[in-house]
Amino acid sequence: MPDICLPDIRFRGQLRPSQAEVARIASEKLARGKRRLHIVAPPGSGKTVMGLYIWAELVGKPALVLSPNSAIQAQWAARTELFEHRHGMDLTPLISTDPQMPGLLTSLTYQSVTLPARATEFTAARAIDLWAQSLIEKNQAASEQEADDWIEGLRDHNPNFYNERLAAFRKQIREQDAIGGRAMTLLHRASLDTLVRLRDYGVGLLILDECHHLMGHWGRVLAEVSEYLNGPVIVGLTATPPDREGKKREDTQRYDQFFGTIDFEVPVPAVVKDGYLAPYQDLAYFVRPSESELEFIASVDQQFNKLVEELYHPCLRSDEPGSLILRPPESLIDWLVRVLRDQQLPTRQTSQWRQFFNADARFVTAAVWFLKSQKTALPNNVPELLPSDEAEDERLITLIDRYTRHYLRRSPHAADHQTATRVVDRLRMLGVQITDSGPRACASPVSRVIAYTRNKTRAVVPILRHEAQILGADLRAVVIADFEKSSAIRSEVAHLLDEEAGGAVAAFRMLLDAPETNQLDPVLVTGSSVLVDTDLLDRIISEANAWLQERGINVELSSAMQGMFHELNGRGSDWCPRVYVEMLTELFQRGTTRCLVGTRGLLGEGWDANSVNVLVDLSTATTSMTVNQLRGRSLRLDPKQPRKLANNWDVVCIAPEFSKGLDDYRRFLRKHETIFGVCDDGAIEKGVGHVHAAFTQLKPELVDGSVSQLNSDMLVRAAKREAAYELWQIGKTYGGQPIRAVEIGSHQAKFTEGYPPFAKAKRPWDRLSLVSAISEVVFASLQEISQISAASVLKINTRDGGYVRVFLVGVSAEESRIFAQSVRETLGPLSSPRYVIPRSVDVPADTLTNRLLPQLLRPWLERRDRRQWMLHAVPTVLASKRDLAAVFEKHWNAKVSPGQAMFVKNLQGEELVIDAIRNDLSPATIVHEKEMFL
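Model, not experiment: these values are computed from the prediction.

Conventions we followed
- Residues numbered from 1 in each chain as written.
- Predicted model: local features only at pLDDT ≥ 70, side-chain atom pairs only at ≥ 80, totals over all residues.
- Heavy atoms only, no water.
- Helix = DSSP H or I, 4+ residues; strand = E, 2+ residues; numbered from the N terminus.
- Contact = heavy atoms within 4.5 Å.
- Areas by Shrake-Rupley, 256 points an atom, 1.4 Å probe, with all protein chains shown as cover.
- Lys, Arg positive; Asp, Glu negative; His and termini not counted.
- Charge placed at Lys NZ, Arg CZ, Asp CG, Glu CD.
- Expected span 1.5 Å × (residues − 1).
- pLDDT = per-residue confidence, 0-100.
- Core = buried A, V, L, I, M, F, W, Y, C linked by side-chain atoms within 4.5 Å.
- Buried < 20%, exposed > 50% of the residue type's maximum accessible area, 1.4 Å probe, protein only.
- Patch = residues over 30% accessible without salt bridge, like charges linked within 9 Å, V, L, I, M, F, W, Y side chains within 5 Å.
- Salt bridge = Lys/Arg side-chain N within 4 Å of Asp/Glu carboxyl O.
- Polar contact = N/O pair within 3.5 Å; in protein donor to acceptor, adjacent residues only side chain to side chain.
- Pairing = 2+ DSSP bridges.
- Axes fitted to C-alpha atoms, helices over the stretch in contact; angles between N-to-C directions.
- Parallel < 35°, antiparallel > 145°, perpendicular 65-115°, else oblique.
- Left-handed = near helix turned anticlockwise from the far one by under 90°.
- Nonpolar A, V, L, I, M, F, W, Y, C, P; charged D, E, K, R; others polar.
- Phe/Tyr/Trp six-rings, centres within 6.5 Å; stacked < 30°, edge-to-face > 60°.
- Right-handed = clockwise from strand over helix to strand, strands pointing away.

Caption draft 1: Looking closely at the overall build of the protein. Along its length, the protein carries 34 helices and 29 strands. Considering only residue pairs separated by 6 or more positions, the protein has 74% of its internal contacts joining residues 24 or more positions apart. Carbon together with sulfur atoms contributes 50% to the accessible area of the protein, which is approximately 41,900 Å² in total. Between the mean site of the 111 positive side-chain charges and the mean site of the 117 negative ones, the protein shows a separation of 4 Å.

Caption draft 2: Layout of helix H17 (residues 414–429). Across its 16 residues, H17 extends 23 Å between first and last C-alpha, which sits within 8% of the 22 Å expected from 1.5 Å per residue. Where the residues of H17 are buried, they touch helix H12 (291–312), helix H16 (392–408), strand E11 (432–435) and helix H18 (445–451). Two residues or fewer after H17 comes Gly 431, characterised by a positive phi angle close to 90 degrees.

Caption draft 3: Inspection of the confidence of the model for the protein at higher detail. When pLDDT is averaged along the protein, the result is 85, and 90% of the positions lie at 70 or above. Ranking the elements of the protein by mean pLDDT puts helix H5 (residues 121–137) last, at 69, and helix H20 (residues 460–471) first, at 97. Every residue in residues 316–327 scores below 50 in pLDDT, and together they form 23 contacts with partners more than four places removed in sequence or on other chains.

Caption draft 4: Fine view of the nonpolar core. Leu 464, Val 616, Trp 649 and Phe 695 are the most contacted members of the largest nonpolar core, which totals 102 residues. For this core, the element with the highest residue contribution is H12, accounting for 10 residues. Counting 51 residues, the second largest nonpolar core, distinct from the first, contains Val 22, Leu 37, Ala 63 and Ala 646.

Caption draft 5: Examining a nonpolar patch on the surface more closely. A surface patch of nonpolar side chains, amounting to about 500 Å² of accessible area, comprises Leu 856, Leu 857, Trp 860 and Leu 861. Inspection of the secondary structure puts Trp 860 in helix H32 (residues 858–861).

Caption draft 6: The environment of Arg 594, seen in detail. Within the secondary structure, Arg 594 is located in the loop between helix H24 (577–590) and strand E18 (595–599). Overall, the relative accessible area of 17% leaves Arg 594 in the buried class. Along the primary structure Arg 594 and Gly 682 are separated by 88 residues, whereas in three dimensions their C-alpha atoms are 30 Å apart. Beyond its immediate chain neighbours, meaning those up to four positions away, Arg 594 contacts Gly 472, Ala 473, Leu 475, Arg 476, Ala 477, Gln 519, Leu 520, Asp 521 and Phe 588. Among the polar contacts listed, one links the side chain of Arg 594 to the backbone oxygen of Gln 519, at a separation of 3.3 Å.

Caption draft 7: Representation of the sheet that holds strand E5 (residues 95–96) within the structure. The parallel open sheet is built from seven strands, whose spatial order is E5-E6-E3-E7-E8-E2-E9. In this open sheet, the two edge strands, each paired with only one partner strand, are E5 and strand E9 (264–265). Taken together, the five bridges between strand E2 (residues 36–40) and strand E8 (residues 233–238) define a ladder with parallel strand orientation. Note on E8: the bridge partner recorded for Ile 39 is Leu 237. The strands touched by helix H3 (residues 70–79) within the sheet are strand E3 (63–67), E5, strand E6 (105–109), strand E7 (205–209) and E8, with E6 carrying the most contacts at an inclination of about 170 degrees.

Caption draft 8: The arrangement of the side chain of Asp 416 in detail. Tracing the backbone shows Asp 416 in helix H17. Of the polar contacts made by the side chain of Asp 416, one reaches the side chain of Ser 411; its length is 2.6 Å.

Caption draft 9: Here's a closer look at the packing of helix H29 (residues 767–784) against helix H30 (residues 813–827). At a minimum axis distance of 10 Å, the contact between H29 and H30 shows a crossing angle of 135 degrees. Between H29 and H30, the crossing angle belongs to the class labelled oblique. When the axes of H29 and H30 are compared, the crossing they make is right-handed. Together, Val 771, Ile 774, Ser 775, Val 778, Phe 779 and Leu 782 of H29 and Ile 818, Phe 819, Ser 822, Val 823, Thr 826 and Leu 827 of H30 make up the contact between the two elements. Here the residues of the contact of H29 with H30 are counted per class, giving nine nonpolar, three polar and no charged.

Caption draft 10: Representation of the sheet that holds strand E29 (residues 925–933) in the model. Read across the open sheet, the six strands follow the order E21-E22-E29-E23-E25-E24; overall the sheet is antiparallel. Each having just a single partner strand, strand E21 (676–678) and strand E24 (793–799) make up the two edges of the open sheet. Direction aside, the axes of adjacent strands within the sheet are offset by 35 degrees on average. Strand direction decides the pairing type here: E24 and strand E25 (residues 803–809), joined by seven bridges, are antiparallel. What sits directly across from Val 793, in E25, is Val 809. Docked against the sheet, H30 engages strand E23 (739–746), E24, E25 and E29, running at close to 15 degrees with respect to E23.

Caption draft 11: Representation of the pattern of salt bridges within the structure. According to the stated counting rule, one finds 51 salt bridges in the structure shown. Two residues, Asp 193 and Arg 189, come together in a salt bridge whose shortest N-O distance is 3.1 Å. Pair noted here: Asp 193 and Arg 189 are both in helix H8 (residues 189–201), with a separation of four residues, about one helical turn. Under the relative-accessibility criterion, Asp 193 is labelled partly exposed at 29%. We note a salt bridge from Glu 929 to Arg 740, for which the minimum N-O separation is 3.8 Å. Within this pair, whereas Glu 929 is found in strand E29, its partner Arg 740 is found in strand E23, the two being separated by 189 residues in sequence. Taking relative accessible area as the criterion, Arg 740 reaches 26% and is therefore assigned partly exposed. Here the salt bridges share partners, and the residues they tie into one network are Asp 680, Asp 681, Glu 685, Glu 743, Arg 799, Arg 805 and Lys 930.

Caption draft 12: How the structure looks around the packing of aromatic side chains. Per the stated rule, a full pass over the model turns up 25 aromatic pairs. Their ring planes at 50 degrees and their centres at 6.2 Å tell us that Trp 369 and Phe 370 sit as a pair that is tilted. With a relative accessible area of 22%, Trp 369 lands in the partly exposed category. For Phe 370, a relative accessible area of 2% puts it in the buried group. Ring plane angle 80 degrees and centroid distance 6.3 Å describe the contact between Tyr 665 and Phe 695, whose orientation is recorded as edge-to-face.

Caption draft 13: Inspection of unusual backbone geometry at higher detail. Positive phi, close to 50 degrees, is recorded for Gln 343, a residue that is not glycine. Along the chain, Gln 343 falls in the loop between helix H13 (332–342) and helix H14 (353–359). Phi is positive for Asp 920, which is not a glycine, with a value near 60 degrees. As for its placement among the helices and strands, Asp 920 is situated in the loop between helix H34 (907–918) and E29.

Caption draft 14: Looking closely at the pairing of E7. Within E7, five of the five residues are buried, which leaves the element mostly enclosed by the surrounding structure. In E7, alternate side chains face the same way, and those of Leu 205, Ile 207 and Asp 209 on one face and Leu 206 and Leu 208 on the other are all buried. Judged from the four bridges that link them, E3 and E7 form a sheet pairing that is parallel. By the bridge assignment for E7, Val 65 is matched with Ile 207. At this point the chain moves from E7, through helix H9 (residues 217–228), to the parallel E8, and the crossover so formed is right-handed.

Caption draft 15: Broad picture of the packing of helix H2 (residues 47–59) against H3. Interhelical geometry of H2 versus H3 gives an angle of 55 degrees and a closest axis separation of 10 Å. Classed by the angle they form, the pair H2 and H3 counts as oblique. For the pair H2 and H3, the crossing hand works out as right-handed. Facing H2, whose interface residues are Lys 47, Thr 48, Val 49, Gly 51 and Leu 52, H3 presents Gln 75, Trp 76 and Arg 79. Classifying every residue of the contact of H2 with H3 gives three nonpolar, three polar and two charged.

As structure tokens, this is what we get:
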């Protein structure tokens, strides 16, 4: 081991506020004897410096850094330039990226220490044994001998299938060994030798970068490696916690035990406000499917609706077109009535309703809802049930699934079996697979058509054309797709989607076809291709050759014509994705090309270009890990653009009138579930609401039929970069405590009609003034009864789409919740109030005098009639007693309207509420309750 004392190495820069906080927490926890640290921080927040600081200043022992790829591996070595030896000694010889030569800091890839050995004959024998056991368990073989003979026959007569199945069982064996604590026994000799050298060198710190990758093979190996290295301090760094969906329970438990709870999480807004990440705004561009795509989507809906109608009225079923079945089978409705009446479970009949209900509560609840919706009388033994919060289509799927599995498939009639097959086929088209245990989500051809419609690809052109008009030569755009070309086009949609649909090549073609975006000189770069416009070819080859020559990379460039563009090729052992991605990234930074088109696999994790100021996301990725990595590409600070603001675009296809028409919108929702963004009123909000107030978890409100207006609004916002930059309030401390806020919108014209019923009112109500007045009543009332503190401050802001946001600052979380709930109850539709209070308005009288008055004089001179206009709920917290309701009434009379709070928990009061709802005297508002930060 080199004769150097690690504590003599120190950081020669200044930590950012978030980095300093990480260092403080790490120091405290290490001092208390904690040996594992788990830190979450966004891309660009300086995770590398955090890790190196912990190495040099806090742990002071040789470190091993593991990263998922060679690009990140090199970044760790490069960032050691920020550290120095106190006596001026050169650190370069002490930093290593070579597994053969460990250093004081050794930066390697995960692959280098987890490479599995080749399969042995012993592993193959165990795999065959496992295969034979599987055949016996599935009743495909009666004995071990029969199973062995069957496998042997496959090896002789169908070797391709034999090798495919054997490989699958070998993988199972390896996973069992790794999960069972024998992962290191499966490693390649080269990996084992590397680990021996690292242990002998005395590694005392293990830094695991992008540690969300450790939910599989790498994690199984490293759980053992940490013990082999004599228990070093472990630091896990990641931009996002791992996605757990589809992961083995043993792997998720190991990950949690290995890293423990998150010790510190650096939120993106904090780093942006500190000035170390570029501010950004999230935008969405909506498209509709093409006419031919809509015809296909409609036909699937029509076929499903026809099938459902046949299930309701089975006499319509036919074995062949035009021929009716003579035997009338039991309809879905008749079957449901019988099952509920007889309390019939699939294999037995129950005598107690509770036992029957508990056996399949979801089905029973859906059945009761459905029969009532069809105006079919419930059997006498069926009690009234509370409605579920499931969507209508989900309940219908539940019923069709049970009817198919428990009746049609078990029927003695072949016609019912045929109907069951058609049900399964129709549901599969809509993304539902009926399995032996119930309905499961599956790939939907309709959803695929919507996800990869040509109109999403076409949308890249107006977006980038607009951005180019705004940014000019400074534009640096990245377009991300799922794939270069698709190799998996289902036969049902092959007439609509070709191999390029939704891919990077299709987007590249679109950009070249439009003159305005062709001027951006777009380049496509994927793991297998580099495509260049003919106009750019000579220039890019010249600059690329110079770049290669400067770095001593021995590659001979050539090109091949591919229709309207050229494919750039390289001859030489150095030509590989790592080299050409780095080369094209540098040319992109210079402006040789102002638009890179690629796949999320290549331009995602580990790829950096700090000049990116426009990101167009065409991908269907929804996992927080992938989405955060993609978004991180545009957030790097650019010294050449001191006030850089990134516009991150999602392109979303909607057809809400069809069953699967909002699938792409739901993907859009999932993308934003973990994303923080700045809203148009300066608040920081997590979730899709920060993109636009009209976007909710159910559907995009106010969007149906007005896609063009929404897109126009988004393009206007895209141009307001300076305003968006100011909304972030760079330099202001980020308030990391959540605030409950209420947003109010309304389609109801009557909600804001009329003048305030006060003598001096010169302006009629509008949404802002009415919501403000009612919110002030709630605020003053809650303060008077000491439900919220006297120091609290009421904030009221407007948002795009006509929404008004109301919230408090300077209060506790509980006070914030009480206020938000109270505003929601008062401004929202009448539900089950204890007290209500009327709201009157003054409306101009229909008189000749009023009609003759000039418009400017009417507010002062016209005669008005007072009318009771609407009924509002008194908030629950102010409705438990009459004297509390009186407090609300006092403030209501002062700010909103004369009126008396009325108790309605009696027959007369209930009739009053029902009459108000029936006569449109109940607020028909859209009320969202949200969590936000300032």
